[in-house]
Amino acid sequence: MYDFLWLVPTLPFLGFLILALFGKKLGKTLSAFVGVGSIGISALITILIGIRFLSSPPEGDAFVQTLWTWIAVDRFNVNIALHLDALSLVFTFVITFVGFWIHLYSVEYMADDESFSRFFAYMNLFVGAMLLLVLGDNLLLLYLGWEGVGLCSYLLIGFWYKDSANGYAARKAFIVTRVGDAAMAIGLFLLFYSFGTLNIQEILTQAPQTWSVGNNLAVIATLLLLGGAVGKSAQLPLQVWLPDAMAGPTPTSALIHAATMVTAGVYLIARMHGIYELAPVSMFVVAIVGAATLLIAGFAGLTQVDIKRVLAYSTISQIGYMFLALGVGAWSAAIFHFMIHAFFKALLFLGAGAIILAQHHEQNMFKMGGLAKALPVTFWTFLIGSGSLAALPLVTAGFYSKDAIIWFAWSAEGGNIYLWAAAVFGAFITGFYTFRMVFVTFFGQQKIDVSHFPKWTIHVPLIVLAFFALFGGFIELPGTMGHFTLFSDFLKSALPAMEEVAHENVSLEYFSQILTAVLALVSVYLAYVLYLKKPQIVTNFTDTGFGKGLQQFFLSGLGFDWLYERLFIRPYVWIARTNKRDFIDLFYVFLPWMSRQFHYAFSYTQSGKVRRYILGIALGAVVSITIVVIL
Amino acid sequence: MTASEILKMMPLIIVLATPLITMLIIALHRNHLTTMIVSVIGLVLAIIAIPYSKALDLTKIGELLIIDNYALFYFLLIFTATIAIIIPSYPYLEMRFKGNREEYYLLILTATLGSSVLAASTHFVSFFLGLEILSVSLYALISYLRQTNEGIEAGLKYLILAAVSSAFLVFGMALIYSQTGKMEFNALMQFFSNSSKLNLISIVGLVLMIVGFGFKLAVVPFHTWSPDVYEGAPAPVSAFIASVSKGGILALLFRFFSQYDVLNSKPLFLIFALLAVFSMFGGNFLALLQTNVKRLLAYSSIAHFGYILVAFLAGNNAQNFKGVEAATFYIVSYFITIIGAFIVVGIFSTREREAMSVSDYRGLYWRHPWLSVAFSAMLFSLAGIPLTAGFIGKYYVLASGIDNQLWTLVIILIVNSALGVYYYLRIVVEMFSQPEEAAETKHPSPSVGVMTGLILAVLTIALIWLGVYPTGVIGAIKISVMGL
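Residue numbering note: each chain is counted from 1, following its sequence as written. Here chains are named by letter from A upward and ligands by number from 1 upward, in the order in which they appear as written. Totals for whole chains, interfaces and linings use every residue, but because this is a predicted model, local features are given only for residues with pLDDT of at least 70 and side-chain atom pairs only at 80 or more, for both listing and counting. Side-chain numbers come from the whole structure's heavy atoms, not from hydrogens or water.

## Details of the overall build of chain B
Assigned secondary structure in chain B consists of 21 helices and two strands. Overall size of chain B, expressed as C-alpha extent along the three principal axes, is 70 × 55 × 40 Å. Taking the contacts inside chain B whose residues are at least 6 apart along the sequence as the reference set, 80% of them involve residues at least 24 apart. The Shrake-Rupley method, run with a 1.4 Å probe sphere, supplies the accessible areas, and residue values consider only the shown protein chains as cover. Accessible area for chain B stands at about 16900 Å²; split by element, carbon and sulfur atoms hold 70% of it. Positive charge is attributed to Lys and Arg, negative charge to Asp and Glu, and no charge count is given to His or to the chain ends. Here the site of a charge means atom NZ of a Lys, CZ of an Arg, CG of an Asp or CD of a Glu. Counting 26 positive and 23 negative side-chain charges, chain B places the averaged centre of each group 3 Å from the other. Here a helix means four or more residues in a row that DSSP labels H or I, a strand means two or more in a row labelled E, and each is numbered from the N terminus. In what follows, a contact means two residues having at least one pair of non-hydrogen atoms within 4.5 Å.

Okay, here's the thing in structure tokens:
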């Protein structure tokens, strides 16, 4: 079964090629079959490989499939090879499995779009690039996938390119992530320079021998990689692109937020854990970035009116949790939350898409309302997703995954009480804004009539994902509740385990769990009171000057766009404007001018006269002979 | 000559026999399609004979020829390239030429024979023979479309200039022979290597020979003929000159110097380095603002042979064949791209004129997405964009240069790669930009024959295949170069 691994990334690429080349001729039905089918078969193969991996793990707990050698010159040796271990298997599973349901859903969502096949072509390419990223055995393939993901996000965010605002959002996403990518590229060069190999496993085994803990190079390299990770994963300070990325079609958002793109940073840090462990400073920075991001994004989520923007900020915040977990060294907890998050976030986005479709493409929640009756399946599944996001205790998967992170933020080696407090407070905010969204959208008066009732292609993905958002958490139970560690045991072969250290103080763990559980319930109740029962409290507050200011501040995502506009964009544009004619520019004007002069000079020799040509040959011969005679 | 020697020479013999048979067929029954098919069958048979020839142990055929793995590799390359040129020639001639089309194939086949003799020759005599078989066929081929003035002009120019260059070449050979008394390459180079310092007359002889080489490879300052000839010749013939004709000479150049380390001889190194530098800059600068696609390809081909000379300088002898390996891979990728590009030019030509102006390609994507994608792939490869064969070729050339610390040449090569991107992408931009309304009627849609389309598709796939999976071809090149 393992030998079929190469098909997993190849099929989406093949789907992309077919759709890109023949898309128009195929028509919508066939395009849908190709687009959805390629991912579906990939997912099927992944599941079969996963079953085999669980029943009889390969030698050394990793399977490497070397397809061929791309370039081999001296020490620079690049294999086109795939590396499957527990970590990449989890990612591959989520990407293909969740990706498949999103693709199926898109068939209905995009049914009326004239660029139907183009959409599926991009989506397939997106999935293929992401698979290459997580399965690549060396840094070059990883980087190729990384850039491919960046390109696809650009294409999909700006999918409806006729509206210039969408093009702007696409460019913003591309340029902001590029800042991180530049840092990451330098980090990769540094790793290649230090270890002389691009193979990730070789780097990870060599690193502890070459670098001692706290080595400067290790710190620099990991911080540079972190730069790439915060760009792709929309973490502080590069989180500004994600809310605007909502410009793309909703299934795109689901794909970006759940299965691909934003989780790339989490994967990168988890994959490079061996180097991060050598740089405790960087680990601490990762944790701080995570904690700060989860709070900031949480605050921003409190006041959003666009249903997709609420979800966007919740993604930033949830990825913040994953970074926090990575930073404190709770590797498997981060990956666990990644998986659960993928289920419920895909569910929420698809649900939001169904709502938007039903409401004449209205995205403002406050113009909706009372949809619970009209769209029962959407409502119940959305409720499950929201419960999971808000980490409602015991019944949702989100509770188990988030609880683990919150607990590790305190108890793990790199954790402390401040990180824990931030995580707990973040959980409270999450519950509040999530259920604010649920109450506003589904309860109260229905304001817009329902224009589109979803069919099975929307319902089935919602139900399947809801199932996983509910029960996916039971594969890993905390120490206080049976201590069932299927998931982290599975990951142990790829990532260092840490349960032993973390489960010493049982009473504290109980305290932490009960506190978060209670806070989650309180937050839901609070949302109920403020947005359903007595909305005048909120309006009274926002009518005051302070309240209004705060609302605006949160609405703008805590003013980061405003800050960056003044800090970077305006000075940059100003410098560019005033320096239009500076001497550096002159050099670049000079280059084409000089090239052109050379062109004219050389063209003069091309006279078309044979006698001149013979003269040229003779002169060449004379000069050559002169050289020989003199030397 | 023994039986096994004849067997060994079978690929050459088949290529020799094919034009003879073709001639007979023309005499009996003049038919364009039949002639083309017979020519292709002959070349396919020659290719089939290559592995059988490889299986035989002996290599040397008398004094004049050597059929080793290296020669066989070039045979394969040359024959395949000729097939890829002949097949699209059929619709091209059907459209553009009214007279007798059949002799065209005769001439192409003899030219191919000349080029393959060059790849297998180890002696001044066979060298000169091969060269003249090639050249004489080309004179006629270039002006084959005799109704056009450009064709006649190009043919005449080539005739005069090639004669001049041959004079240099033969005079160089004579000077060397007068000093050494040898005409066989190996013996010659041994003689040179043994004498501590070359005497002036023999080294002047070498230089005059380099002039001859330089002319055929069209490196600056011996390049002036190439844009005029490329422009005037029919598109498939331009492809033939750019690929098969130059490939044969290059194979001979590598073989000629394989026993002699150019790096160690200061004057020779300097001359080759200057040729390389001038060719890179000259070719690229000339191409920069060129609006005629055929001339542009001629100039770009000048620059590409500059790159190849860098690789040649980086390692051409038995201790270090990396450079020749790199250059050979480069040649393979260059063959694919340049033939593909000229096929596209041929497809777009009309009865009256060839599609030479860059503006003819404006908005091509909207009319012929497939063709323009194939053409873009060719141009990307010429520019050395990753995932195409051109990138890998350039990468290997650079790596071999860096390996021998030829920093100046390497830096110049990089600068020139940047220059090249400009004019290749200019055509791509033209193809993908929106056409004006009026243009629709101005360019009637050409029809692409099944076979031509197939050849183009194969070339495009090969191009990407080599860019993604170069190992196979590199392995074959390593083996073939080892025996030099």
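## What about the overall build of chain A?
Helix and strand counts for chain A come out as 27 helices and two strands. Only C-alpha atoms enter the radius of gyration; for comparison, a globular chain is expected to reach 2.2 Å times N to the power 0.38, where N is the number of residues. Compactness check: chain A gives a C-alpha radius of gyration of 27 Å against a globular reference of 25 Å for 631 residues, within 12% of the reference. Along the first, second and third principal axes, the C-alpha atoms of chain A reach 100 × 55 × 50 Å. Buried, partly exposed and exposed residues are distinguished by accessible area as a fraction of the type maximum, computed with a 1.4 Å probe on protein chains only: under 20%, between the cut-offs, and over 50%, respectively. Within chain A, buried positions represent 59% of all 631 residues.

## Remarks on the nonpolar core
Residues grouped as a nonpolar core are buried Ala, Val, Leu, Ile, Met, Phe, Trp, Tyr and Cys residues, joined through side-chain atoms within 4.5 Å. The biggest cluster of nonpolar side chains holds 408 residues, and the ones touching the most others in it are A:Val98, A:Ile335 and B:Phe257. Looking at this core element by element, the count peaks at 22 residues for helix H14 (residues 331-358) of chain A. What counts as a domain boundary in this text is fixed by an automatic or database domain assignment. Both domains that meet at this core, namely domain 1 (330-533) and domain 2 (581-630) of chain A, each give it at least three residues.

## Focus: the domain arrangement of chain A
Along its sequence, chain A is carved into domain 1 (330-533) and domain 2 (581-630). With centres defined by C-alpha atoms, the gap from domain 1 of chain A to domain 2 of chain A works out at 70 Å.

## Comments concerning the interface of chain A and chain B
Much of the literature gives interface size as the accessible area that the parts lose upon coming together. If you look at the interface, chain A gives 35 residues, while chain B gives 45 residues. In this description, buried area is defined as the sum, over both parts, of the accessible area (probe of 1.4 Å) that is lost when the two are combined. Summing both sides of the interface, chain A and chain B together bury roughly 3500 Å²; the carbon and sulfur share of this comes to 78%. Counting the surface chain A buries against chain B, the share from its top three residues, A:Trp70, A:Gln606 and A:Ile617, is 19%. The rule for a salt bridge is simple: a side-chain nitrogen of Lys or Arg has to be within 4 Å of a carboxyl oxygen of Asp or Glu. Linking chain A to chain B there are zero salt bridges. Pairs of N or O atoms within 3.5 Å make up the polar contacts considered here, provided that, within protein, one atom can donate a hydrogen while the other can accept it, and that residues adjacent in sequence are counted only when both atoms are side-chain atoms. Summed over the shared surface of chain A and chain B, the result is seven residue pairs in polar contact (both at pLDDT 80 or more). If you list the elements that add at least two residues to the side of chain A that touches chain B, you get helix H1 (7-55), strand S1 (62-73), helix H26 (583-605) and helix H27 (610-630) of chain A. Considering every element that reaches the side of chain A that touches chain B, the biggest residue donor is H27(A), with 13 residues. Note that Gly is not counted as nonpolar here; it falls among the polar residues with everything else outside the nonpolar set of Ala, Val, Leu, Ile, Met, Phe, Trp, Tyr, Cys and Pro and the charged set of Asp, Glu, Lys and Arg. Among the residues making up the side of chain A that touches chain B, the classes are represented as 22 nonpolar, ten polar and three charged.

## Details of helix H5 (residues 164-195) of chain A
Expected helix span is taken as 1.5 Å per residue step, with the number of steps being one fewer than the number of residues. The terminal C-alpha atoms of H5(A), which comprises 32 residues, lie 45 Å apart, in line with the 46 Å expected from a rise of 1.5 Å per residue. Trailing H5(A) by a residue or two, A:Gly196 shows a phi angle of about 65 degrees, which is positive.

## Observations regarding the pairing of strand S2 (residues 76-85) of chain A
All names here are of chain A. In terms of burial, S2 is largely enclosed, as seven of its ten residues are buried. Strands were regarded as paired on the criterion that DSSP finds at least two bridges between them. As paired strands, S1 and S2 are joined by ten bridges and run antiparallel to one another. Across the sheet, residue Ala72 finds its bridge partner in S2, namely Asn77.

## What about the environment of B:Ile48?
Residue and element names in this part refer to chain B. Relative to the elements of secondary structure, Ile48 occurs in helix H3 (residues 32-55). Under the relative-accessibility criterion, Ile48 is labelled partly exposed at 45%. The spatial distance from the C-alpha of Ile48 to the C-alpha of Ile427 is 38 Å, given a sequence separation of 379 residues.

## Brief notes about unusual backbone geometry
Cis geometry is adopted by the peptide bond preceding A:Pro237, which originates at A:Leu236 and carries an omega value of 0 degrees. With respect to the helices and strands, the residue A:Pro237 is situated in the loop between helix H7 (216-232) and helix H8 (241-244). With an omega dihedral of 5 degrees, the bond running from B:Val220 to B:Pro221 counts as a cis peptide bond. When you line up the elements, B:Pro221 lands in the loop between helix H9 (200-217) and helix H10 (225-232). Even without glycine at this site, A:Ala234 takes up a positive phi of about 55 degrees. When you line up the elements, A:Ala234 lands in the loop between H7 and H8.

## As for the packing of H9(B) against helix H12 (residues 266-288) of chain B
All names here are of chain B. Two elements in contact, H9 and H12, have axes whose closest approach is 11 Å; the angle formed by their N-to-C orientations is 15 degrees. Taken together, the axes of H9 and H12 lie roughly parallel to each other. Note that H9 runs across H12; the crossing there is right-handed. Contact residues: H9 offers Ile203, Leu206, Val207 and Ile210, while H12 offers Pro267, Leu268, Ile271, Phe272 and Leu275. In terms of residue class, the contact of H9 with H12 is made up of nine nonpolar, no polar and no charged. In this analysis, axes come from line fits to C-alpha atoms, helices being fitted only over the stretch in contact, and the angle between any two N-to-C directions falls in the range 0 to 180 degrees. Throughout this description, any angle smaller than 35 degrees is read as roughly parallel, any larger than 145 degrees as roughly antiparallel, any in the 65 to 115 degree range as roughly perpendicular, and the remainder as oblique. Left-handed describes a crossing in which the near helix is turned anticlockwise from the far one by less than a right angle; the clockwise case is right-handed.

## Considerations on helix H20 (residues 450-468) of chain B
The terminal C-alpha atoms of H20(B), which comprises 19 residues, lie 27 Å apart, in line with the 27 Å expected from a rise of 1.5 Å per residue. For H20(B), the set of buried residues is B:Thr452, B:Ile455, B:Leu456, B:Leu459, B:Thr460, B:Leu463, B:Leu466 and B:Gly467. Axial view of H20(B): buried residues confined to an arc of 135 degrees, hence all on one face. Within H20(B), the exposed residues directed more than 90 degrees away from the buried face are B:Val450, B:Val458, B:Ile461 and B:Trp465. Looking at the buried residues of H20(B), the elements they touch are S1 of chain A together with helix H4 (69-96), helix H14 (322-347), helix H16 (369-383), helix H17 (389-403) and helix H21 (471-482) of chain B. Comment: arc refers to directions from the helix axis out to C-beta atoms.

## Here we look at the packing of aromatic side chains
All names here are of chain B. Pairs were defined over the aromatic rings of Phe, Tyr and Trp, the Trp ring being its six-membered one, requiring ring centres within 6.5 Å. Orientation was assigned from the angle between planes: stacked under 30 degrees, edge-to-face over 60, tilted for the rest. One pass over the structure, following the stated rule, counts 75 aromatic pairs over all chains. Each ring, one from Phe73 and one from Tyr74, has its centre 6.0 Å from the other, and the planes form 85 degrees; the classification is edge-to-face. Classification of Tyr74 as buried rests on a relative accessible area of 0%. Ring centres of Phe213 and Phe256 lie 6.1 Å apart, and the angle between their planes is 50 degrees; on these two criteria the pair is classed as tilted. Remark: Phe256 occurs in helix H11 (residues 235-256) and Phe213 occurs in helix H9; sequence separation between them is 43 residues.

## Digging into the pattern of salt bridges
All names here are of chain B. This model, assessed by the stated rule, comprises 19 salt bridges over all chains. The residue Arg101 makes a salt bridge to Glu94 at a minimum N-O spacing of 3.3 Å. Relative accessible area serves as the criterion here: at 16%, Arg101 is assigned to the buried category. If you follow the salt bridges from partner to partner, you end up with Glu153, Lys157, Asp228, Glu231 and Arg295 in one network.

## Notes on a nonpolar patch on the surface
All names here are of chain A. Patch rule: a residue counts if its relative accessible area is over 30% and it has no salt bridge; like charges are joined within 9 Å, and nonpolar side chains (Val, Leu, Ile, Met, Phe, Trp, Tyr) within 5 Å. On the surface, Phe583, Ile584, Leu586, Phe587, Tyr588, Phe590, Leu591 and Trp593 cluster together into a nonpolar patch covering about 880 Å² of accessible area. Inspection of the secondary structure assignment puts Leu591 in helix H26. Overall, Leu591 belongs to the partly exposed group, its relative accessible area being 33%.

## Points about the environment of A:Ser401
All names here are of chain A. In this structure, Ser401 sits in helix H17 (residues 397-411). By relative accessible area, Ser401 is classed as buried at 0%. Along the backbone, Ser401 and Ile335 are 66 residues apart, and their C-alpha atoms lie at a distance of 9.1 Å. Non-local contacts of Ser401, meaning those with residues more than four positions away in its chain, are made with Phe336, His337 and Ile340. A polar contact of 2.8 Å, which involves the side chain of Ser401, links it to the side chain of His337.

## Examining the confidence of the model for chain A
Per residue, pLDDT captures the predictor's confidence, and it can take any value from 0 to 100. Scored by pLDDT, chain A has a mean of 85; 98% of the residues are at 70 or more. The least confident element of chain A is helix H21 (residues 499-502) of chain A, whose mean pLDDT is 52; the most confident is helix H3 (residues 116-135) of chain A, at 91.

## What to know about the side chain of B:Ser243
All names here are of chain B. Considering the arrangement of structural elements, one finds Ser243 in helix H11. At 2.7 Å, the side chain of Ser243 and the backbone oxygen of Ala239 are in polar contact. Apart from residues lying up to four places away in sequence, Ser243 is in contact with Ile85, Phe335, Ile338 and Ile339.

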